[in-house]
Structures are given as structure tokens and as C-alpha cells.
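Each chain, letter by letter, is given below.
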Amino acid sequence: MPYDPPPDLATLSLDAIAELAAARKLPPLDQWQPQTISDSLMTIRADGRWFHDGGEIRRPAMIRAFSSLLRRDGDGQHWLVTPFEQQSITVEDAAFIATDVARSGDALTFRLNTDDVVVAGPDHPLIARGTADLPAIYLAVRHGTEARINRSTWLQLVDLADADLAVTSQGARFSLVPA
């Protein structure tokens, strides 16, 4: 089955974006408690590339499928989860990269490197880390995972920010400057 990437975020209404997000059928990871634990031999590099046993995974459909099985535990360990097994996966920085942002009404919508669409807000906060000179902004995605905001998307956010370098989305305010 061919994969059609979603349209440009800037051309969509918030309702259309919500429909896109709802249309993605994700597995119920929060309901799965597998007993078997192993190592996937997979790594997600800081630049968003996926590797298995040293070789790069180049098929976007495979990356998209694997990304739907990701969760991060309270200790920061990332896992690929199925109903029967969970496999550790090394993540150098964040599991996803936010590659675009668009404002629609009171909402900021982000497109990830997996073509997932996430609307920032109370359930998906923006988190500023790093220093004021070298900030790193992250977006909470799902099941404890995060997306790092890439440089061009960060510059888009700065254009949308107020004088205090903060943005609002769905009634929540987020500083773009680390505390």
C-alpha cells in the first residue's frame, strides 16, 4: 500500500489537522505489558536517522511503523513495544525531529520527520532545555517520547513568539528560553 504524505500544514485548518492526527491509527502501547525484554540493536541518531546493527534503515515506511511502537520509560530508556516483547532502542537525543510548524487559530501544529502531526498544548508541551545562548526546544509527542525542534522550525517559532520569546498554543504558554 503506497504512503501519501500529509499536505502542507500552512494550508490546513485546525479541524483538518485534527482529522489528520486522528486518522493515524496508533497501537495501544499503554495497554501492553510485555514480559520478554531484549535489545533491538537499533539506534536513532541525533539527526533523526535510524540504524539497525550499524546499517541505516532507509525505508520511510519502516521508520514510520517502528516509530508507532516507541515509548520512553521514567528512566529515559526508549523501547520498541509489542504485546509480547519490548526491545530497548538507543536514542542519542530525541526519538523524533520537528521539521515544520504552522499556526492555525490558537494552535501551533508541528510536523515530525515521520510525517506525524502534533498540536502543541497542555498534553503536548514545548520544553526548553540547554542555555540561553544555545537553547534546545523539545515537543512532547506520545508515550514519553519527544521531538527536538530543528533549527529552521525553531526560527519559525521565534517569528511567532512574543517579546518575551514565548509562544502560546491551545491556551498554554511556552518559553523558548531555557530557565
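Scroll up to find the structure.
Attention here is on the structure that accompanies the text. A quick note: this is a predicted structure, and the numbers were derived from the prediction, not measured.

A word on the pairing of strand S6 (residues 85-91). Pairing of strand S1 (residues 36-44) with S6 involves seven bridges; the strand directions are parallel. Its bridge partner lying in S6, Ile44 is registered against Val91. Both strand S5 (residues 78-81) and S6 contribute to a ladder of four bridges, which runs antiparallel. Across the sheet, residue Val81 finds its bridge partner in S6, namely Gln86. In this structure, the hairpin formed by S5 and S6 is closed by a connection of three residues.

Its identity as a non-glycine residue notwithstanding, His143 has a phi of 50 degrees, on the positive side. For His143, the position within the fold is in the loop between strand S11 (135-140) and strand S12 (146-149). The phi angle at Gln170 is positive, at roughly 50 degrees, despite the residue not being glycine. Checked against the element boundaries, Gln170 lands in the loop between strand S13 (166-169) and strand S14 (172-175). The partly exposed category is assigned to Gln170, whose relative accessible area is 41%.

The next subject is the side chain of Thr145. Within the secondary structure, Thr145 sits in the loop between S11 and S12. Residue Thr145 is classed as buried on the basis of its relative accessible area of 2%. Setting aside chain neighbours within four positions, we find Thr145 in contact with Leu70, Arg71, Arg72, His78, Ala95, Phe96, Leu139 and Ala140.

A word on the packing of aromatic side chains. This model, assessed by the stated rule, comprises one aromatic pair. A cation over an aromatic ring shows up here: Arg45 above the ring of Phe51, its NZ or CZ 3.8 Å from the ring centre. Lying over the aromatic face of Tyr138, Arg129 brings its terminal NZ or CZ to 4.7 Å of the ring centre.

Turning our eyes to something else, we now look at the sheet that holds strand S10 (residues 126-130). Read from one edge to the other, the open sheet built from six strands follows the order S9-S8-S7-S12-S11-S10, with strand pairing classed as mixed. Pairing within the sheet leaves two strands with one partner each, and these edge strands are strand S9 (117-119) and S10. The mean angle between the axes of side-by-side strands here comes to 40 degrees, regardless of whether they run parallel or antiparallel. Where S10 meets S11, five bridges bridge the pair, whose relative direction is antiparallel. The residue of S11 that forms the bridge with Ala128 is Ile137. Helix H3 (residues 151-160) rests against strand S7 (96-104), strand S8 (107-112), S11 and S12 of the sheet, and its axis sits at about 25 degrees to S7.

Cut-offs applied
Residues numbered from 1 in each chain as written. Predicted model: local features only at pLDDT ≥ 70, side-chain atom pairs only at ≥ 80, totals over all residues. Heavy atoms only, no water. Pairing = 2+ DSSP bridges. Helix = DSSP H or I, 4+ residues; strand = E, 2+ residues; numbered from the N terminus. Buried < 20%, exposed > 50% of the residue type's maximum accessible area, 1.4 Å probe, protein only. Contact = heavy atoms within 4.5 Å. Phe/Tyr/Trp six-rings, centres within 6.5 Å; stacked < 30°, edge-to-face > 60°. Lys NZ or Arg CZ within 6 Å of the ring centre and 35° of its normal. Axes fitted to C-alpha atoms, helices over the stretch in contact; angles between N-to-C directions.

These values are about where atoms sit, not about what they do.
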